[in-house]
Amino acid sequence: MGISRREFLKYTAASSAFMAMGVPFAMAAGQNKQVDHWVKGVCRFCGTGCGVMVGVKNKKVVTVKGDPNNHNAGFLCLKGALMVPIIYAKERITQPLIRKNGKLTPASWDEAMELVVAKFKDAIAKYGVKSVGYYGSGQALTEETYLASKIFKAGLKCNNVEGNPRLCMASAVGGYVTTFGKDEPCGSYDDIDAATCLFIIGSNTSECHPILFKRIAARKQADPNVKIIVVDPRRTNTARIADMHVPFKPGTDLAILNGMAHVIVQEELDDYRFHSKYVTFMDNNKQKKTFEDYVKFLEDYTPEKVEQLSGVPADTTRKMAKIFAESSATMSLWCMGINQRIRGVWANNLISNLHLLTGHIGKPGATPFSLTGQPNACGGVRDTGGLCHMLPAGRLIKKKAHRNEMEKLWGLPQDSLNPKPGLHTIAMWSALAEGKLKALLVLCTNPAQSLPNLDKYRQGMARKDNFIALIETFSDAETVKYADVVLPPAYWCEREGVFGCSERRYALVGKAIDPPGQCKPTVNILVDFALRMGVDPKLVPYKNSADIWKEWRAVSRPTPYNFWGITRERLRRESGIRWPCPTEDHPGTRIRYVRGEDPNIPKDYKKKYFFYGKPDGRAVIWFRPYKGAAEEPDQTYPFVLTTGRVIDHWHTGTMTMKVPELRRSFPKAYVEVSTEDAKKMGIHNGDNVLLETRRDKMVFQARVSDVCRPGLVFVPWFDAHLLINKLTKDAIDKGSKQPEFKICATKVSKA
Ligand code: MGD
Ligand code: MGD
Ligand code: SF4
């Protein structure tokens, strides 16, 4: 099934130049397999959104290969290439389960759904709609998230609709909305091929977006003058191809980014013509300011002061700023090192500031570009409005005009939608822990492993007076332990639907095979839930996910998202289309906010750029001061603990741990310690090391290397047997409500 590691290495060996640069990928893996037919789809894993072809023989998936017509040009990384055994894992849940006397026992669909609905109805009757909720995922299909959100918001008038993108992309959304007035990146992957400076900050692209990293490495290989700067406290594999790797004290990005802006204005490297025409300057109190005020604000961020705060040598800040500004086209790429922070929105703003200050925006190769983590966080949750404050296509619950527009589109009476935003993720799980939330429907996410400060939230999940209905594919997911009912969904290519990746590209995941046992497509489960809950059948008139897609196109049409031209037929024919796409003959949009590129801008518009998300058409340069992390190291907890990913595992490991090749490469979590710290503490590779934070303590095996800077330790969070989130902190960004997974204080000692 799939390809073996040997076959994989054979394919990759063909591209030894990339391998030498540390770029792991598979080319057209599985090409030689005999299959009955190929079905077009999208990789199950990361937000790179690689196109795959699924090979089917005798009604079973036997292999996958990269789609040569999608942006990945036929390439897949190891996770993508080895996806097949997961479908047939022995842990697949194939029938509904109900907890009886503490044990999950098989039940019929009818029995399980009746119990779910009885619990939801009972909670609503006793405590109101605020006592129920939905917690979804950036891995659910677009149609699934749109539908779940509609059932809760329009059907039940309950805005407690959240999902794991709150842990992931919320700060990027906050950054884009405050800077440009609209969510989602302006540029696209094509910019990588044209950039002459790639500024990578808080992203381990090589492990987390490997096929994009391959594209970055190819760009560098094609033109050695292209400069790559990696700003990351760890010397990751990504940093190893950089011209400049800039390690620093975690959590001090705001100072570094302001320091770069300081150098740019002092050395007059800014593009005055651009920012005087297209930018509004604004302080932290939302007061309009001038460029001169901004220069004054930046006086506090001399490279020398930045050095004191962050540990980045003053000359390094100067050099970075000069390369950023003087390159002919600079592209910034960032991910969780920026977003998972209590000042994540501000850090996002400051990256965009540098682009608006230097005019590195809206030209090929010049753009700020946040990388999305999950395959459909953009496509499902951000765009269709699957969070507690949002409605579809960028509309907001708190805006009456937006609610009224959605009421019209959904055929609801005027002013019938609930005007109060619901509970955000941490508030939702806190409410469960405090006994205020009584019934929760959870889809395609494993919060019993992925939430920060886990002990608190797991205790909440374990309470006897609440009810958790979980739609989950695998019996060994941690959250299954806390579920009262488990509903078995069709997995990945067992049902049809759409994923939207980091570059606003939407592509169809085709149905290749039937689901096993009693598994059902999630949209069927959700419609069944809605009807049993007494939701008006006119709100859920769908036979399949294609019907929902049709409605979504219409709902997006009056907005700058505009998916009208992305028909199901086109999705079947083409390998992904980037929105906005207003008509069926429109090719999709590469660059937003630029006349002639973005269909939202009239062809005769008087200026070249139009940031139409803002009332005056100007993007905002924000004055955001430096603020540190929620929990800085001190004498008692002197180290910073950071958490993140490894190339071969996906999140909580429920899928990748089922692939022998992937499991073997990282069988368990470990703690990465710097050579310098290890020497001081007498720690050697493989020694047991105790980590202790204010929340919990745990022992990990040491990996001593030059990856972490002294004072920093790193633990990957895929291992269900070593739950590092018991140690992390649940402090959140005030604006985006995203938790600061990336930084907390810890003690480190040899165990
Ligand atoms: P992380 O490992 O979470 O991955 O992708 P990334 O964000 O690239 O963290 C990125 C980097 O942030 C780390 O190298 C870390 O050293 C750095 N960092 C820590 N603190 C700071 C800081 O204060 N400032 C800066 N500038 N950097 C800091 C995440 C992405 O990956 C996401 S969100 C998802 S959902 C997907 N998950 C995933 C996976 O589970 N496995 C694999 N293999 N790929 C994945 N792709 C996606
Ligand atoms: P996953 O393992 O992706 O992690 O956290 P989670 O979403 O909780 O969970 C997906 C679940 O869905 C799995 O249990 C899987 O078995 C199941 N599943 C797979 N396919 C299907 C399907 O088709 N249908 C259904 N119904 N279920 C399916 C992710 C979250 O974690 C994210 S996005 C981020 S960015 C955070 N990152 C992060 C970090 O960097 N550090 C630490 N310490 N914690 C983190 N937690 C966050
Ligand atoms: Fe899948 Fe991401 Fe690898 Fe592409 S880079 S094959 S989307 S895991």
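As the structure is a computational prediction, the values presented were derived from the model and not from experiment.

Enquirer: Before we move on, can you summarise the overall build of the chain with the specific residues and values?
Expert: A count of helical and extended segments in the chain gives 27 helices and 29 strands. Taking 27 Å as the expected radius of gyration for a compact globule of 751 residues, we find that the chain reaches 25 Å, a close match to that expectation. With the C-alpha coordinates aligned to their principal axes, the bounding extent of the chain is approximately 70 × 65 × 55 Å. The buried share among the 751 residues of the chain stands at 65%. Once local pairs closer than 6 in sequence are excluded, the contacts in the chain between residues at least 24 apart make up 72%. Approximately 26,000 Å² of the chain is accessible, and the part contributed by carbon and sulfur atoms is 51%. Averaged over its 108 positive side-chain charges, the chain has a centre that lies 2 Å from the centre of its 77 negative ones.

Enquirer: An account of the packing of aromatic side chains is requested, with residue identities and associated values reported.
Expert: As enumerated under the stated definition, the model contains 38 aromatic pairs in all. Note on Phe-120 and Phe-529: the rings are 5.3 Å apart at their centroids and 80 degrees apart in plane angle, and the pair reads as edge-to-face. With Phe-120 in helix α5 (residues 109–127) and Phe-529 in helix α23 (residues 522–532), the pair connects residues that are 409 residues apart, well separated along the chain. Across this residue pair, the class does not change: Phe-120 and Phe-529 are buried. A ring pair is formed by Phe-281 and Tyr-294, whose centres lie 5.5 Å apart and whose planes are at 40 degrees; its orientation type is tilted. Of the two residues, Phe-281 sits in strand β13 (residues 279–282) while Tyr-294 sits in helix α13 (residues 291–298), which places them 13 residues apart along the sequence. Geometry around Tyr-301 places Lys-305 over its ring, the cationic atom sitting 6.0 Å from the centre.

Enquirer: Before we move on, could you go through the sheet that holds strand β11 (residues 227–231) and cite the residues and values that matter?
Expert: Spatially, β12-β11-β10-β15-β16 is the arrangement adopted by the 5 strands of the open sheet, whose pairing is parallel. Both outer strands of the open sheet, β12 (244–246) and β16 (367–370), are each paired with one neighbouring strand and no more. When the angles between neighbouring strand axes are averaged without regard to direction, this sheet yields 15 degrees. Pairing analysis gives 4 bridges linking strand β15 (residues 330–334) to β16, with the strands arranged parallel. Note on β16: the bridge partner recorded for Leu-333 is Phe-369. The sheet contacts of helix α10 (residues 210–222) involve β10 (197–201), β11 and β15, and relative to β10 the element is tilted by about 145 degrees.

Enquirer: Outline the site of ligand 2, supporting the account with residue identities and numerical values.
Expert: Surrounding ligand 2, one finds 34 residues, the nearest of these being Asn-164, Asn-446, Ser-450, Glu-472 and Thr-652. Arg-44 places a polar side-chain atom, nitrogen or oxygen, 3.0 Å from a nitrogen atom of ligand 2. Here Thr-654 contributes a side-chain N or O atom positioned 2.8 Å from an oxygen atom of ligand 2. Looking at the shell around ligand 2 residue by residue, the class counts come to 16 nonpolar, 13 polar and 5 charged. Residue assignment places the shell around ligand 2 across two domains, with domain 2 (114–165 + 376–557) and domain 4 (639–750) each supplying three or more.

Enquirer: Requested: an account of the site of ligand 1, with residues and values cited.
Expert: Close to ligand 1 lie 33 residues, the nearest being Asn-204, Asp-232, Asp-253, Arg-645 and His-649. A distance of 3.4 Å separates a nitrogen atom of ligand 1 from a polar atom in the backbone of Val-231. With respect to ligand 1, the backbone of Met-336 contributes an N or O atom lying 2.8 Å from an oxygen atom. In isolation ligand 1 offers 910 Å² of accessible surface; the protein chains occlude 99% of this area. For the shell around ligand 1, the residue count by class is 13 nonpolar, 12 polar and 8 charged.

Enquirer: Run through empty space enclosed by the protein, naming residues and quoting values.
Expert: Taken as a whole, this structure holds 6 cavities of 30 Å³ or more when the rule is applied. Every residue along the wall of the second largest cavity is listed here: Cys-43, Phe-45, Cys-46, Thr-48, Gly-49, Cys-50, Leu-76, Cys-77, Lys-79, Gly-80, Pro-210 and Ile-211. Put simply, the parts of the chain that give the lining of the second largest cavity at least two residues each are α3 (78–81) and α10. Its residues placed into classes, the lining of the second largest cavity shows 8 nonpolar, 3 polar and 1 charged.

Enquirer: A description of a positive patch on the surface should follow, citing residues and the corresponding values.
Expert: Together, Arg-273, Lys-277, Lys-363, Arg-595 and Lys-608 give the surface a local cluster of positive charge. Within the secondary structure layout, Lys-277 lies in helix α12 (residues 272–278). According to the relative accessible area criterion, Lys-277 is partly exposed, its value standing at 41%.

Enquirer: How would you explain the packing of helix α6 (residues 142–155) against helix α24 (residues 545–556) if you had to name every residue and give the values?
Expert: At a minimum axis distance of 9 Å, the contact between α6 and α24 shows a crossing angle of 75 degrees. Looking at the two axes, α6 sits roughly perpendicular to α24. For the pair α6 and α24, the contacting residues are Thr-142, Glu-143, Tyr-146, Leu-147 and Lys-150 in the first and Ser-545, Ile-548, Trp-549, Glu-551, Trp-552 and Val-555 in the second. Looking at the contact of α6 with α24 residue by residue, the classes come out as 6 nonpolar, 2 polar and 3 charged.

Enquirer: Describe in detail α6, supporting the description with residues and values.
Expert: The end-to-end C-alpha distance of α6 is 18 Å, a good match for the 20 Å that 14 residues give at a rise of 1.5 Å each. Of all 14 residues in α6, 13 are buried; the element is thus mostly enclosed. Looking one or two residues beyond α6, the residue adopting positive phi is Lys-157, at roughly 60 degrees.

Enquirer: Would you mind going over the nonpolar core in detail, with residue names and values included?
Expert: Side chains of nonpolar character tend, in soluble globular proteins, to be buried together. The biggest cluster of nonpolar side chains holds 61 residues, and the ones touching the most others in it are Phe-120, Leu-147, Ile-151, Phe-152, Trp-410 and Phe-529. In terms of residue count, the dominant contributor to this core is α5 (7 residues). Residues from two domains meet in this core; each of domain 2 (114–165 + 376–557) and domain 3 (561–605) gives at least three. Apart from residues no more than four positions distant in its own chain, Trp-410 is found in contact with Tyr-146, Lys-150, Ala-154, Leu-391, Pro-392, Leu-417, Leu-539, Glu-551 and Val-555. The next biggest cluster of nonpolar side chains, apart from the first, holds 60 residues, and it includes Cys-186, Cys-197, Tyr-301 and Ile-323.

Enquirer: Describe α10, with residues and values.
Expert: The end-to-end C-alpha separation of α10 is 18 Å, in line with the 18 Å expected for 13 residues at 1.5 Å each. Of all 13 residues making up α10, 10 are buried, and the element is well covered by its neighbours. Regarding α10, the residues found buried are Pro-210, Ile-211, Leu-212, Phe-213, Lys-214, Arg-215, Ile-216, Ala-217, Arg-219 and Lys-220.

Enquirer: Break down the side chain of Ser-370 for me, with residues and values.
Expert: Turning to its location among the elements, Ser-370 is positioned in strand β16. Setting aside anything within four residues of it in sequence, one finds Ser-370 in contact with Ala-172, Tyr-176, Pro-185 and Trp-334.

Enquirer: Kindly report on the domain arrangement of the chain, identifying the contributing residues and their values.
Expert: Domain boundaries assigned for the chain yield domain 1 (5–87), domain 2 (114–165 + 376–557), domain 3 (561–605) and domain 4 (639–750). At the junction of domain 1 with domain 4, the criterion picks out 0 salt bridges. On the surface where domain 1 and domain 4 come into contact, there are 1 residue pair in polar contact (both at pLDDT 80 or more). Those elements that place two or more of their residues in the side of domain 1 that touches domain 4 are α3 and α4 (84–87). A per-class count over the side of domain 1 that touches domain 4 returns 7 nonpolar, no polar and 3 charged.

Enquirer: Quick one: what's the story with the layout of surface pockets, residue by residue and with numbers?
Expert: A volume near 1,400 Å³ is recorded for the largest pocket. Mapped by element, the contributors of at least two residues to the lining of the largest pocket are α7 (170–180), β13, α17 (344–358) and β23 (619–622). No other element matches the 5 residues that α7 contributes to the lining of the largest pocket. Across the lining of the largest pocket, the residue classes tally to 16 nonpolar, 13 polar and 16 charged. Within this model, the second largest pocket holds a volume of roughly 440 Å³. If you trace the second largest pocket, you find 20 residues lining it, with Lys-464, Asp-465, Asn-466, Phe-467 and Asp-484 closest to the centre. Elements with a contribution of two residues or more to the lining of the second largest pocket: α5 and α22 (454–462). The leading source of residues in the lining of the second largest pocket is α5, at 6 residues. For the lining of the second largest pocket, a count of residues per class yields 8 nonpolar, 2 polar and 10 charged.

Criteria and cut-off values
- Residue positions are given per chain, counted from 1 along the sequence in the order it is written.
- Starting at A for chains and at 1 for ligands, labels are handed out in the order in which the entities are written.
- Local features in a predicted model are, by the rule used here, given only for residues with pLDDT of at least 70; side-chain atom pairs are given and counted only at 80 or more, and totals for whole chains, interfaces and linings are based on all residues.
- Values shown for side chains rest on all heavy atoms present in the structure; no hydrogens or waters enter the calculation.
- Runs of H or I in DSSP of at least four residues are treated as helices and runs of E of at least two as strands, each being numbered from the N terminus.
- For this measure, only C-alpha atoms enter the radius of gyration; the expected value for a globule follows 2.2 Å times N^0.38, where N is the number of residues.
- For every residue, the accessible area (1.4 Å probe, protein chains only) is compared with the maximum for its type, and the residue is labelled buried under 20%, exposed over 50%, or partly exposed between those bounds.
- Contact criterion: two residues are considered in contact whenever any of their non-hydrogen atoms come within 4.5 Å of each other.
- Only the protein chains shown count as cover for residues, with accessible areas throughout obtained via the Shrake-Rupley method and a probe of 1.4 Å.
- Counted charges follow a simple rule, with Lys and Arg positive, Asp and Glu negative, and His plus the chain ends left uncounted.
- Charged side chains are reduced to one point each, which is NZ for Lys, CZ for Arg, CG for Asp and CD for Glu.
- Pairing of aromatic side chains requires ring centres within 6.5 Å, counting the rings of Phe and Tyr and the six-membered ring of Trp. Pairs whose planes differ by under 30 degrees are stacked, by over 60 edge-to-face, and all others tilted.
- The criterion for a charge sitting over a ring is simple: Lys NZ or Arg CZ within 6 Å of the ring centre, and within 35 degrees of the ring normal.
- Pairing between two strands requires that DSSP report at least two bridges joining them.
- For helices, the fitted axis covers only the stretch in contact; all axes are lines through C-alpha atoms, and the angles between them, taken along N-to-C directions, range from 0 to 180 degrees.
- Residues are classed as near a molecule or strand on a simple rule: at least one heavy atom within 4 Å of it.
- Polar contact is defined as a pair of N or O atoms within 3.5 Å, subject to the rule that within protein one atom must be able to donate a hydrogen and the other to accept it, and that residues adjacent in sequence are counted only when both atoms are side-chain atoms.
- Any residue outside Ala, Val, Leu, Ile, Met, Phe, Trp, Tyr, Cys, Pro, Asp, Glu, Lys and Arg is labelled polar, Gly included; the first ten of those are nonpolar and the last four are charged.
- An automatic or database domain assignment supplies the start and end points of every domain.
- Cavities and pockets were defined on a 1 Å grid built over protein atoms only: a cavity is a set of grid points that admits a 1.4 Å probe from which the probe cannot escape, a pocket is an open set flanked by protein on both sides within 12 Å along at least five of seven lines, and lining residues are those with an atom within 4 Å of any such point.
- Grid points are joined across faces, edges and corners, and a volume is the space filled by probe spheres set on the points.
- Exposure above 30% relative accessible area and the absence of a salt bridge qualify a residue for a patch, where like charges join within 9 Å and nonpolar side chains (Val, Leu, Ile, Met, Phe, Trp, Tyr) within 5 Å.
- By definition, a salt bridge exists where a carboxyl oxygen of Asp or Glu is found within 4 Å of a side-chain nitrogen of Lys or Arg.
- Orientation categories follow fixed angle ranges, with anything under 35 degrees roughly parallel, anything over 145 roughly antiparallel, 65 to 115 roughly perpendicular, and all other angles oblique.
- In this scheme, a helix's expected span is set at 1.5 Å multiplied by one less than its residue total.
- We define a nonpolar core as any set of buried Ala, Val, Leu, Ile, Met, Phe, Trp, Tyr and Cys residues linked to one another through side-chain atoms lying within 4.5 Å.

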